[in-house]
Amino acid sequence: PFYFHNTPLNKREMKISQATLSTLFVLSCSYSTSAFAPSFRSTSSTATRGVTNTGISSFTASDPSRSQLMVTTTSEDIIPREVLFGNPKYASPELSPDGKFLTFLAPNDEGVLNVFVRSTADENNDSARMVTKDTSRGIRQYQWAPDSETIFFLQDFEGDENFHLWSIDSIATDSVAKDLTPGKDVKASNLITNKRFPDEILVATNERNPACFDMYRVQYKTGEKVMDTENPGDVLGWGSEDSSFEVREALVKNQEDDSSIVRVRDDKDAEWRDLAIFPYGEDGNLVEFCADDGKTCFMTSSVGRETSALLKVDLKTGETLDVISANDKCDVGGIVIDDDTKEIKAISYNYARTKREFFDKDLEKDYELLKSLGPEDAEVGTASKTEDEKTWIVAYTRSDGPTEYVIYDQEKKETKPLFVSKPDLLDYKFAPMEDIRVQARDGLELVGYLTRADTEKKTPLILLVHGGPWARDYWSFNAQAQWFANRGYATLQMNYRGSTGYGKSFLHKGDGEWGVGTMQHDLTDSVQWAIDEGIADPENICVYGGSYGGYACLAGLAFTPDVYKCGVDIVGPSNIKTLLDSIPAYWGPLRNDMLKKIGDVDADEEFNKKISPLYHVDNIKSPLLIGQGANDPRVKQAEADQIAFAMQKKGIPVEYVLYPDEGHGFARPENRIDFNGRAEKFLATHLGGRAEPFDGVDGATAVFPLEESLVEV
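The residue count restarts for each chain, going from 1 along the sequence in the order it is written. Under the rules for a predicted model, residues below a pLDDT of 70 receive no local features and side-chain atom pairs below 80 are neither given nor counted, while totals for whole chains, interfaces and linings still include all residues. Where side-chain values are given, they derive from all heavy atoms of the structure, hydrogens and water being excluded.

> How would you summarise helix α7 (residues 548–559) if you had to cite specific residues and measurements?
A helix here means a DSSP run of H or I that spans at least four residues, while a strand means a run of E at least two residues long, and both kinds are numbered starting from the N terminus. The span one expects for a helix is its residue count, reduced by one, times 1.5 Å. Given a rise of 1.5 Å per residue, 12 residues ought to cover 16 Å, and the 16 Å separating the end C-alpha atoms of α7 matches this to within 8%. Only protein chains enter the accessibility calculation, which uses a 1.4 Å probe. A residue is then buried if its area is under 20% of the maximum for its type, exposed if over 50%, and partly exposed in between. For α7, the tally of buried residues reaches 11 of 12 residues, placing the bulk of the element in the interior. Three or more residues of α7 are buried, namely Y548, G549, G550, Y551, A552, C553, L554, A555, G556, L557 and A558.

> Tell me about helix α12 (residues 669–687), and please be specific about residues and values.
Two residues of an α-helix separated by three or four positions point the same way, owing to the 3.6 residues in each turn. Between its first and last C-alpha atoms α12 spans 26 Å; for 19 residues at 1.5 Å apiece the expected length is 27 Å, and the two agree. Most of α12 sits out of view: 15 of its 19 residues are buried. Downstream of α12 by a residue or two, G688 has a phi angle that is positive, lying close to 90 degrees.

> Just give me the short version of the pattern of salt bridges, but keep the residues and values in it.
The salt bridge definition used is simple: a Lys or Arg side-chain nitrogen within 4 Å of an Asp or Glu carboxyl oxygen. Counted under the stated rule, the structure contains 55 salt bridges. In this structure, D228 and R217 form a salt bridge, with 2.9 Å as the shortest nitrogen-oxygen distance. One end of the pair, D228, is in strand β14 (residues 224–229); the other, R217, is in strand β13 (residues 214–219), with 11 residues separating them in the sequence. A relative accessible area of 28% means that D228 is categorised as partly exposed. Note that E241 is salt-bridged to R248, the shortest N-O span being 3.8 Å. Several salt bridges converge on common partners, so that one network encompasses K195, R196, D242, E288, D339, D340 and K342.

> Which residues make up the sheet that holds strand β27 (residues 391–398), and what values go with them?
Here we have four strands laid out as an open sheet, ordered β26-β27-β28-β29, and antiparallel in their pairing. The open sheet terminates on both sides in strands that have one partner only, identified here as β26 (379–385) and β29 (414–420). Each adjacent strand pair in this sheet contributes to an overall mean axis angle of 30 degrees, direction not counted. Along the sheet, helix α3 (residues 361–373) makes contact with β26, β27, β28 (401–409) and β29, crossing β27 at roughly 50 degrees. The criterion for strand pairing is that DSSP finds at least two bridges linking the strands in question. Here the axes come from fitting lines to C-alpha atoms, over the contacting stretch only for helices, and the angles between their N-to-C directions go from 0 to 180 degrees. The contact definition used throughout considers only heavy atoms, calling two residues in contact when any of these lie within 4.5 Å.

Written out as structure tokens, the structure reads:
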């Protein structure tokens, strides 16, 4: 699947294959309820002074008793949900390859995100012209074509995740977007561009076979598309060699033993051969072909070590020629490669915070300078560069404020402000996010992130569980955590076993451990840690999450009912067997891999019943709020329906909100803010925090299946 965080569709500096993403993020929300928290803002907002608290009357800002509820880490005033979760003013800035134009995402007059363009010579962002004309869900991922005139973007239909690749001329004022991958239920992925071939692209679609992706070569200015490489049925993702722009890499999943195979060929007419085989439990992939006439390549591999390292490998034999970089505690992360020489310039690692190993001293000096020029404790990232790398867009990310973007003149070593993604956030105080370590009951060290509501006394706690589960949480500005802190709740985000980035043993310690096993124990142990540290009120704990995080919420309420006062489940599965029986066709090659990680719910009915919360509804005694998108292709609406109606039938408190125009998460700001308003009211009722008044959101499409069923009866 494509994921929408301020990165272009094909970013050299974080080269991770489409197939790897598909494998890792099966149950992650494609649109989180916090949307693009680090970098987005609302178009308008007015701080609401009155607050509501369960059992306590509303009172004004001047009421002296208000101080009893005030937290010490964020603003005393209620920070409006519109400010936290509304659209940005600016986001995802990109420079055209020739440096003449700058694009960014921004809302149109109707509040729908579109791509805007301006000349880099004109520094007034408000003079930018809207290029795309989306009127529904908004554009969330785009990038420049090599010609510095055309823009590519992705769009699906109301959350069905059948993303089509579109192109549009950014220069002509009357340009109309062109669908480069048309067809009903067609999904585009694996886009590859190449500056040496400025008029064509490679893109994969499943138009021939819904279960797999063939690679097509597209002349994007005319729309001409021809099959380049047909998928034999087992290829998850493709890669090209730059000088020839031929498809010469395939990442394959062996359906019999679940090993991953990297296949290569010497040219487009040569036979494919296996370069490397990674047995189940190992991790690795081809990163880039070196600029040496097909002799070597760069690969990641965990074979023979605990974490994945970056290697230089002989393309003929698969022999490791050099271990370029490795870290004992975490996997290799982002890799910066010179686009011409193919030399490694830098590698990033992230155990708890981002750290870089530099191989290019000039680049290291640039980052040192940029670090010194940015906000205190901010992490420095490169959002975009021109083709000649003389002009950069640099992002400063911090945990207690919005992302700030600057233009960096690499030759003059000077920066100038571009924009703050969500300037409305600058009017408020936010809590710093702390990276923490928790020891699980079996001694395993877990990395997590804590956002406190109060530094001096214990408060209610929200355990915010990440999706995936083969993903992870990061240190950043998290709008949900800040929202909770402002309302009086500490937030705990844990990278439980099964999370990615911490090596193969940590990842696979989660195999077969869903629900009643150690993955869930890690969450329970982390809550106990927060109680023992005097951070959390043990009588007021909520488990809250989306996708796998929603499953963890249901599991927490069903399997550890005495731990949680309430739960919020967003697009979470309740029956693992029915989840896997309804996955999209193009996930077929990953099904066996999922069964190995989850457990064989196909063959073992009792195991499925053991880990599926639906079969343990009788154990649930705490109130639950469910949010679901009707078009979700990963976790179908039936997963929410079946547990909501089961709880209602047994008289267990449950609220269920369905959005007919959403998928795996809530993309439209109106729906996102609407659900968060309902969640805030729910949390205030059960945990006792404060709340901004809520009476629905204009334009939201919420419906309530449980109430409708009562009316029908």
